[in-house]
Amino acid sequence: MLALRAVTLALALLRAAAHEGVFSADQDTQVPALNVLTADVRQLVRDLLQNGTIPGMALGAVTLDGAVDHGGFGIKSEDGEEVAAETLFGIASCSKQFLVSSFGLLMEDFANGRNVTPLPDGVRTLDWRTKIKDVLPDDWKLDDEWTTEKADFRDIFSHQSGFPRHDLSYRPTDTPLDIIRRQRYQRTAFELRQRYHYVNQLYMLGAHVISIYSGMDYTIFVKSRILEPLNMTYTTFYESEASKDGLLTQSWTATGRRIPYWFSDSAVPLAAGPMGLISNLIDMSKWYRTILNGGIDPVSNATIVPASVIEEQTSAMIVMDLAPSFPDSSLSAYGHGWYRQSYQGHELLSHPGAIPGFSDEVFLLPSDGLAIIILANADSKQGQQLAIGYRIIEDYLDLPHSASIDYAALPDSPPTPAPSGSGSIPIHEYAGTYTNPGYFDVTLCDPHSSLEVAGCEDVLSAFGTLEDTKATNATLYFSWPNVWVSHGRLRREQDNVFQFTATYLYPEGYGNNKTAFETVVTPVTFGSVTFVVEDDQIVGFGIFGFVGETTERERIGGTIQETAEIWFERLF
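Values in this document were obtained by computation on a predicted structure and should not be read as measured data.

Q: Please clarify how the overall build of the chain should be interpreted in this entry.
A: When helices and strands are counted, the chain shows 17 helices and 24 strands. For 572 residues, the compact-globule estimate of 2.2 N^0.38 gives 25 Å, and the chain sits close to it at 24 Å. Overall size of the chain, expressed as C-alpha extent along the three principal axes, is 80 × 60 × 45 Å. Expressed as a percentage of the 572 residues in the chain, the buried residues total 58%. Of the contacts formed within the chain by residues at least 6 apart in sequence, a portion of 66% connects residues at least 24 apart. Surface exposure of the chain reaches about 22,500 Å², of which carbon and sulfur atoms provide 48%.

Q: Would you mind showing me how to read the packing of aromatic side chains here?
A: How two aromatic rings sit relative to each other is given by the distance of their centres and the angle of their planes. Under the defined criterion, the tally for this structure stands at 41 aromatic pairs. Ring plane angle 15° and centroid distance 5.6 Å describe the contact between Y390 and Y407, whose orientation is recorded as stacked. One end of the pair, Y390, is in helix α13 (residues 382-396); the other, Y407, is in helix α14 (residues 403-408), and 17 residues separate them in sequence. We note that Y390, like Y407, is buried. Clustering of aromatic rings is evident, with ring pairs tying together Y430, Y434, Y439, F440, F478, W480, F498, F500, F531, F541, F546 and F568. Over the aromatic face of Y203 sits the side chain of K96, whose NZ or CZ is 5.4 Å from the ring centroid.

Q: So what exactly am I meant to see when it comes to the state of the cysteines here?
A: What is meant by a disulfide is a covalent connection between two cysteines, made through their sulfur atoms. The final tally for this structure, using the stated rule, is 1 disulfide. Residue pairing for C445: its cysteine sulfur links by disulfide to C456, the two sulfurs lying 2.0 Å apart. Across the S-S bond of C445 and C456 the torsion is about -85°, and the bridge reads as left-handed. One end of the pair, C445, is in the loop between β17 (442-444) and α15 (456-464); the other, C456, is in helix α15, and 11 residues separate them in sequence.

Q: Sorry if this is basic, but what is going on with the pairing of strand β4 (residues 67-70) here?
A: Within a regular strand, the side chains alternate between the two sheet faces. Of the two faces of β4, the one holding A67 and D69 and the one holding V68 and H70 are both buried throughout. The sheet contact formed by strand β3 (residues 56-63) and β4 spans 3 bridges and is antiparallel. Paired with A61 across the strands is D69, a residue of β4. As consecutive antiparallel partners, β3 and β4 are separated by 3 residues, and within that stretch G66 has a phi angle of approximately 110°, a positive value.

Q: Before we go on, may I ask you to explain helix α1 (residues 39-51) in this structure?
A: Helical geometry: 3.6 residues make up each α-helical turn, so side chains three or four residues apart lie on a common side. With 13 residues, α1 extends 18 Å between its outermost C-alpha atoms, agreeing within 8% with the 18 Å of an ideal straight helix rising 1.5 Å per residue. Of all the residues in α1, the buried ones are V41, L44, V45, L48 and L49. The arc that holds the buried residues of α1, viewed along the axis, is 125°, so those residues lie on one side. Facing away from the buried side of α1 by over 90 degrees, the exposed positions are A39, D40, Q50 and N51. Where α1 is buried, its residues contact β3, β5 (73-74) and α13.

Q: How should I be thinking about the packing of helix α2 (residues 96-111) against helix α8 (residues 218-227) in this particular structure?
A: If you want to describe how two helices pack, look at the angle between their axes and the distance between the axes. It is at 10 Å that the axes of α2 and α8 come closest, and there the two elements cross at 80°. Judged by the inter-axis angle, α2 sits roughly perpendicular to α8. Mapping the contact onto sequence places F98, L99, S101, S102, L105, L106 and D109 in α2 and Y218, F221, V222, R225, I226 and L227 in α8. A class-by-class count of the residues in the contact of α2 with α8 yields 9 nonpolar, 2 polar and 2 charged.

Q: I keep staring at empty space enclosed by the protein and nothing clicks. Help me out?
A: Empty space among the atoms becomes visible once a probe the size of a water molecule is rolled across them. Following the criterion strictly, the structure yields 2 cavities of 30 Å³ or more and no others. Here the largest cavity is characterised by a volume of approximately 100 Å³. In this structure, the largest cavity is lined by 14 residues; those nearest its centre are P164, H166, V547, E565 and I566. Across the lining of the largest cavity, the residue classes tally to 7 nonpolar, 3 polar and 4 charged. In this structure, the second largest cavity encloses a volume near 30 Å³. Along its surface, the second largest cavity is lined by F237, Y261, F263, V268, A271 and G276.

Q: Looking at this model, I keep getting lost on the pattern of salt bridges. Mind explaining?
A: Where charged atoms from two side chains of opposite charge come close, those side chains can pair. Scanning all chains against the criterion turns up 21 salt bridges. R182 is the salt-bridge partner of D174, the closest N and O atoms lying 2.9 Å from each other. Here the two residues D174 and R182 agree in accessibility, since each one is buried. A salt bridge links R555 to E552; its shortest N-O distance comes to 2.9 Å. Here E552 and R555 lie together in helix α16 (residues 552-556), a separation of 3 residues that amounts to about one turn. Among the residues examined, R555 registers a relative accessible area of 56% and is labelled exposed. Accessibility expressed as a relative area gives 13% for E552, which makes it buried.

Q: Would you take a moment to explain unusual backbone geometry for this structure?
A: The bulk of non-glycine residues show a negative phi, and the bulk of peptide bonds are trans. Look at N301: it is not a glycine, yet its phi comes out positive at around 65°. Looking at the element boundaries, N301 is found in the loop between α11 (281-292) and α12 (307-314).

Q: I keep staring at the environment of E534 and nothing clicks. Help me out?
A: Structurally, E534 can be placed in strand β22 (residues 526-534). Taking the C-alpha atoms as reference points, E534 and P324, separated by 210 residues in sequence, lie 46 Å from one another. Sequence-distant contacts of E534, defined by excluding residues within four places in its chain, comprise V539 and Q561.

Q: I'm lost on the side chain of T130 in this one. Help?
A: Within the secondary structure layout, T130 lies in the loop between α2 and α3 (132-135). Taking the relative accessible area as the measure of exposure, T130 reaches 5% and is therefore buried. Discounting residues that sit within four places of it in the chain, T130 has contacts with T125, V135, A151, D152 and F153.

Q: I tried to follow the confidence of the model for the chain on my own but got confused; where do I start?
A: The predicted structure's coordinates, where accompanied by low pLDDT, should not be read in detail. Across the chain, the average pLDDT comes to 91, with 92% of residues at or above 70. Low pLDDT, under 50, characterises residues 1-29; the stretch is placed with 122 contacts to residues that sit more than four places away or in other chains.

Q: Where do I start with the pairing of β3 in this structure?
A: Buried residues dominate β3, accounting for 8 of its 8 residues. Across 2 bridges, β3 lies against β5 in antiparallel orientation. Paired with G56 across the two strands is G74, which belongs to β5. Where β3 lies against strand β15 (residues 370-376), 3 bridges are found, and the strand directions are antiparallel. Residue pairing in the sheet places M57 in a bridge with A376 of β15.

Reading the values: the criteria
- Residues numbered from 1 in each chain as written.
- Predicted model: local features only at pLDDT ≥ 70, side-chain atom pairs only at ≥ 80, totals over all residues.
- Heavy atoms only, no water.
- Helix = DSSP H or I, 4+ residues; strand = E, 2+ residues; numbered from the N terminus.
- Rg over C-alpha atoms; globule rule 2.2 N^0.38 Å.
- Buried < 20%, exposed > 50% of the residue type's maximum accessible area, 1.4 Å probe, protein only.
- Contact = heavy atoms within 4.5 Å.
- Areas by Shrake-Rupley, 256 points an atom, 1.4 Å probe, with all protein chains shown as cover.
- Phe/Tyr/Trp six-rings, centres within 6.5 Å; stacked < 30°, edge-to-face > 60°.
- Lys NZ or Arg CZ within 6 Å of the ring centre and 35° of its normal.
- Disulfide = S-S within 2.5 Å.
- Pairing = 2+ DSSP bridges.
- Expected span 1.5 Å × (residues − 1).
- Arc of directions from axis to C-beta.
- Axes fitted to C-alpha atoms, helices over the stretch in contact; angles between N-to-C directions.
- Parallel < 35°, antiparallel > 145°, perpendicular 65-115°, else oblique.
- Nonpolar A, V, L, I, M, F, W, Y, C, P; charged D, E, K, R; others polar.
- 1 Å grid on protein atoms, 1.4 Å probe; cavity = no way out; pocket = protein on both sides within 12 Å on 5 of 7 lines; lining within 4 Å.
- Points joined across faces, edges and corners; volume = space filled by probe spheres on them.
- Salt bridge = Lys/Arg side-chain N within 4 Å of Asp/Glu carboxyl O.
- pLDDT = per-residue confidence, 0-100.

Here's what the structure looks like:
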């Protein structure tokens, strides 16, 4: 259990020749300066930004008594505007902590008779162990009957429901309810409480439940119960609000191409719970001071989040790994929106955030009174952020440099396309339209075909800005209208096995650079597809590899249709 006490919220924030003032979060009161932004740390940050293709990064520090140290490295726009403490970033999955805290507040409302919406008949309590089916009786259903009946909120917030991240199934126009109802057609990967597996969709479910039973939209609940009481005036769910004063940073891919802010205002209902908040060092410092103070705002002395809720979300609920990541670390566990482990004998809470254009990392060391926030305006930069965070921890606690060196040395190694292979069935035979009720229809386009297939001209034209689609006779192209990706390729490896690659295309470029490019940003981008042939007819294909490990279906064995993570049936 987490021993909450008065602690330091340390967030290293600096840029070369940056302003390094020490200010009190309690307005003008002077407090001791922090000593975490050493010359070595600053040089490490500069080196990692330069070598890691990161345009800008913000770091900051604050203690429980109000000392803050903030600044920024690099730029927030193509015009060269510098990152500062006020600069706004998408905080991605660090938003999950607000979701869990909000659910805890809703629990307290019901426990104390302050609820405005009654629970369904026969349901007496809303708490961590309340069954999902009891509060969403008409909407919650999975392909596994046991999970449907027994899964509760502790299961879904700690990622042990057995339901995998079907991230490629939802579209920008979907609502949380659309996603919940579609889950019955999507396959589970494990049994309930069998193992940890990270999934965003069930945090969307959490936001939906809060909206229903609080009587207000989830975003309004967060604003009225957390953001406004803590005076987090910069923080918002909406790009339009974040952009109006020019504070929202622009965003870039891992390779340095600029992309738009990923979630438009219309996508907020979908993204809000698991990954939708926009914030900066100033506001996040207030938030983490409060968490480390047991949910009590140190400025107003008001309880923002009950201590029992903080205790629940920061406690270890399920072990994630079978072995430590590094020799100086313990096994890792997950709570609700927090990873938990020890590092060189010190308890450590952390959580990353990753959406296209942004990488974030938060560390809390409750027993040592330290926390670190790192915000970057390029995606896929967790390795660099971990190197910086661990270096600050090591220097602040006078520990040997260990994890910081290991993370700084990790190379960027994106998957590479498989070599083109051949098979007895001509490539054009696989072209056609396939369907899955948990996803959507997908049409595979053969660039060598003379047939006019609806949508294929646009698909092949978009890919044609990047490559010669007729260079080989081993690739099929398709549109995949999803939140994370726009298109995809199937590249033949051998016979009926193809490599699946999902991508987001920018045929006309973006920002100042108008040349075409593509970006790959989601963990479920690469997989393997196996087509099934019966009586000389291709009847469908199964997708494997998105889960990242052997599923229960694969362990038990069976046909491709039975063991695939996703099965698409051929329509025509």
